[in-house]
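# Chain and residue survey
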Amino acid sequence: MTNPKSEIQNPKSVAILGAGAWGTALANLAAANGHEVRVWSRHGSQTLEAVVKDVHIILSAISMTGVRDVASQVHSFPLSPETIFVTATKGLDPQTTCTPSQIWQTIFPNHAVVVLSGPNLSKEIQMQLPAATVVASNIPTAAELVQLVFSSHRFRVYTNSDPLGVELGGTLKNVIAIAAGVCDGLQLGTNAKAALVTRGLTEIIRVGNNWGAKTGTFYGLSGLGDLLATCNSPLSRNYQVGYQLAGGKTLTEILTNLQGTAEGVNTCRVLIQRAKQQNIAVPITEQVYHLLQGQITPRQALDELMLRDIKPEYNY
Ligand SMILES: NC(=O)C1=CN([C@@H]2O[C@H](COP(=O)(O)OP(=O)(O)OC[C@H]3O[C@@H](n4cnc5c(N)ncnc54)[C@H](OP(=O)(O)O)[C@@H]3O)[C@@H](O)[C@H]2O)C=CC1
Ligand SMILES: O=C(CO)COP(=O)(O)O
């Protein structure tokens, strides 16, 4: 059963770039609503040019490492000026610290770009469990069109007019999810976890505000919502990285055996770079960074956080 409002009077053609866990789940959602869906993978039989030809929507669910290259390739093909880009990647560009939507928008300045982000563990969505997400754009009609394409009785899609905030919420929480995995792996208890996630949200808001995003966005699905999902679920790859580090495995061992992408590892490095440039306090991210670099143990990271100077709670 589709959402009655999204029932197909006007089916759209949708190119999904990336046949990983998230690209596949999103392709299934659009196809279940009766849209024409074409999926591109670099290992697939169809060319990128054929997949994007004449489509209404191009949705990228490519890992951060591939975004710039794939966006540049798409740029070399003829597209309708009406084509809407949707980005579902949760990462930061190591060279420029740009978000994926900033990359797409720079390469396609005359096209609408929509960010899709929320508490969306793809395994649960593939099992058709209920979930909600946010589609955000500076062009409201573009976000509304994407909302219709993906909405169903199992997948509730909200629009939002702060694409940067929605994108940063989904991206920055991955670093906190690694820390949450460490917290659970060390069996630090529920109080510790609540403190970590709440102070993690403060850190995300501090970084987001400096970047130009709105505070309120981070209390929504793509900030607090996604923190709750990924900091509490073993389905999250980022959480798994932290949990297994706490169990004594090395990062290399963990990443070799992990199914899929844990963007928080790269995001943490880029975030440290940006926080230094902009002079933003990111104490949790700093400890995750030292831990990922193998410079401290999980217990030492905990001590560093607990022994910081005492201060007022609100210091965005
Ligand atoms: N899984 C989830 O629950 C969710 C994931 N996300 C985000 O979506 C993004 C993708 O995650 P997910 O699908 O889980 O990851 P996967 O590792 O399952 O898939 C990654 C996809 O990116 C492709 N890719 C990677 N590098 C390149 C490249 N250089 N050129 C072309 N394609 C490339 C991979 O292609 P190939 O298979 O050929 O390697 C694959 O299709 C991440 O940013 C993640 O944070 C967001 C919400 C939910
Ligand atoms: O972003 C996600 C859920 O919203 C997926 O989390 P992981 O990338 O940690 O698996």
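The structure displayed is predicted, hence computed values, not measured ones. Each chain has its residues counted from 1, running along the sequence as written. Labels follow written order: the first chain is A, the first ligand is 1, and so on. Local features in this predicted model are restricted to residues whose pLDDT is 70 or higher, and side-chain atom pairs enter the listing and the counts only when it is 80 or higher, whereas totals over whole chains, interfaces and linings include all residues. Only hydrogens and water are set aside; all other atoms, that is, all heavy atoms of the structure, feed into the side-chain values.

### Considerations on helix H1 (residues 21-32)
- In this model, H1 (12 residues) spans 17 Å end to end at C-alpha, consistent with the 16 Å of a helix rising 1.5 Å per residue.
- Burial status follows relative accessibility: with a 1.4 Å probe on protein chains alone, a residue under 20% of its type maximum counts as buried, one over 50% as exposed, and anything between as partly exposed. Comment: elements are numbered from the N terminus, with helices defined as DSSP H or I runs of at least four residues and strands as E runs of at least two. Of all the positions in H1, only Trp22, Gly23, Ala25, Leu26, Ala27, Leu29 and Ala30 are classed as buried.
- Of the residues trailing H1, Gly34 is marked for its positive phi of about 90°. In this analysis, the expected span of each helix is defined as 1.5 Å times one less than the number of residues it contains.

### With respect to the sheet that holds strand E2 (residues 36-40)
- Read across the open sheet, the 7 strands follow the order E2-E1-E3-E4-E5-E6-E7; overall the sheet is mixed. Two strands bound the open sheet, and with one partner strand each, they are E2 and strand E7 (155-160). In this sheet, neighbouring strand axes are inclined to one another by 25° on average, regardless of whether the strands run parallel or antiparallel.
- Here a residue-residue contact requires only that any non-hydrogen atoms of the pair lie within 4.5 Å. Helix axes use the C-alpha atoms of the stretch in contact, all axes being lines fitted to C-alpha atoms, and the angles between their N-to-C directions lie in the range 0 to 180 degrees. In the packing of helix H7 (residues 163-185) onto the sheet, the strands contacted are strand E4 (84-87), strand E5 (113-117), strand E6 (131-136) and E7, and the crossing angle to E5 comes to about 35°. Any two strands with at least two DSSP bridges between them are considered paired.

### Regarding the packing of helix H3 (residues 64-75) against helix H4 (residues 100-107)
- The geometry of H3 relative to H4 is characterised by a closest axis approach of 10 Å and an angle of 15° between their N-to-C directions. If you check the angle between H3 and H4, you find them roughly parallel. H4 is crossed by H3, and the crossing has right-handed handedness. Note on element contacts: H4 touches H3 through Pro100, Ile103, Trp104 and Ile107, opposite Met64, Val67, Arg68, Ala71, Ser72, Val74 and His75.
- A class-by-class count of the residues in the contact of H3 with H4 yields 8 nonpolar, 2 polar and 1 charged. Put simply, angles under 35 degrees are roughly parallel, angles over 145 are roughly antiparallel, angles from 65 to 115 are roughly perpendicular, and the rest are oblique. Two helices that cross are described as forming a left-handed crossing if the nearer one is turned anticlockwise from the farther one by less than a right angle, and a right-handed crossing if clockwise. Gly counts as polar in this scheme, as do all residues outside two lists: the nonpolar Ala, Val, Leu, Ile, Met, Phe, Trp, Tyr, Cys and Pro, and the charged Asp, Glu, Lys and Arg.

### Looking at the layout of surface pockets
- Put simply, the largest pocket is a space of about 1,100 Å³.
- As for the largest pocket, its lining consists of 40 residues, and the residues nearest its centre are Ala21, Trp22, Ser63, Arg237 and Thr261.
- Listing elements by their share of the lining of the largest pocket, those giving two or more residues are H1, H3, helix H5 (122-126), H7, helix H9 (221-230) and helix H10 (237-246).
- Class assignment of the residues belonging to the lining of the largest pocket gives a composition of 11 nonpolar, 21 polar and 8 charged.
- Looking at the second largest pocket, its volume works out to about 690 Å³.
- Lining the second largest pocket are 29 residues, with Leu196, Arg199, Ile284, Leu305 and Met306 positioned closest to its centre.
- Sorting the residues of the lining of the second largest pocket by element identifies H7, helix H8 (190-211), helix H13 (283-292) and helix H14 (298-306) as the ones contributing at least two each.
- Here the element with the most residues in the lining of the second largest pocket is H8; it accounts for 6 residues.
- Tallied by class, residues from the lining of the second largest pocket come to 20 nonpolar, 2 polar and 7 charged. Of the two site types, the cavity is a set of points on a 1 Å grid over the protein atoms alone where a 1.4 Å probe fits but cannot get out, and the pocket is an open set with protein on both sides within 12 Å along at least five of seven lines, each lined by residues with an atom within 4 Å of a point. Grid points are joined across faces, edges and corners, and a volume is the space filled by probe spheres set on the points.

### Some points on the site of ligand 1
- Proximity criterion: a residue is near a molecule or strand once any of its heavy atoms comes within 4 Å of it. Inspection of the region around ligand 1 gives 23 residues, with Arg42, His43, Ser122, Thr261 and Glu263 positioned closest.
- Pairs of N or O atoms are called polar contacts if they sit within 3.5 Å, as long as, within protein, a hydrogen donor faces a hydrogen acceptor (for residues adjacent in sequence, only side-chain-to-side-chain pairs). The backbone of Gly20 places a nitrogen or oxygen atom 3.1 Å from an oxygen atom of ligand 1.
- Measuring from an oxygen atom of ligand 1, one finds a side-chain N or O atom of Thr261 at 2.7 Å.
- Protein chains shield 84% of the accessible area of ligand 1, which is 890 Å² for the free molecule.
- The way we define it, a molecule is inside a pocket or cavity when more than half of its atoms are within 2 Å of that pocket's grid points. Judged by the proximity of its atoms to the pocket grid, ligand 1 belongs to the largest pocket.
- Broken down by secondary-structure element, the contributors of at least two residues to the shell around ligand 1 are H1 and H3. The protein chains shown are the only cover counted for residues, whose accessible areas, like all others here, come from Shrake-Rupley with a 1.4 Å probe.

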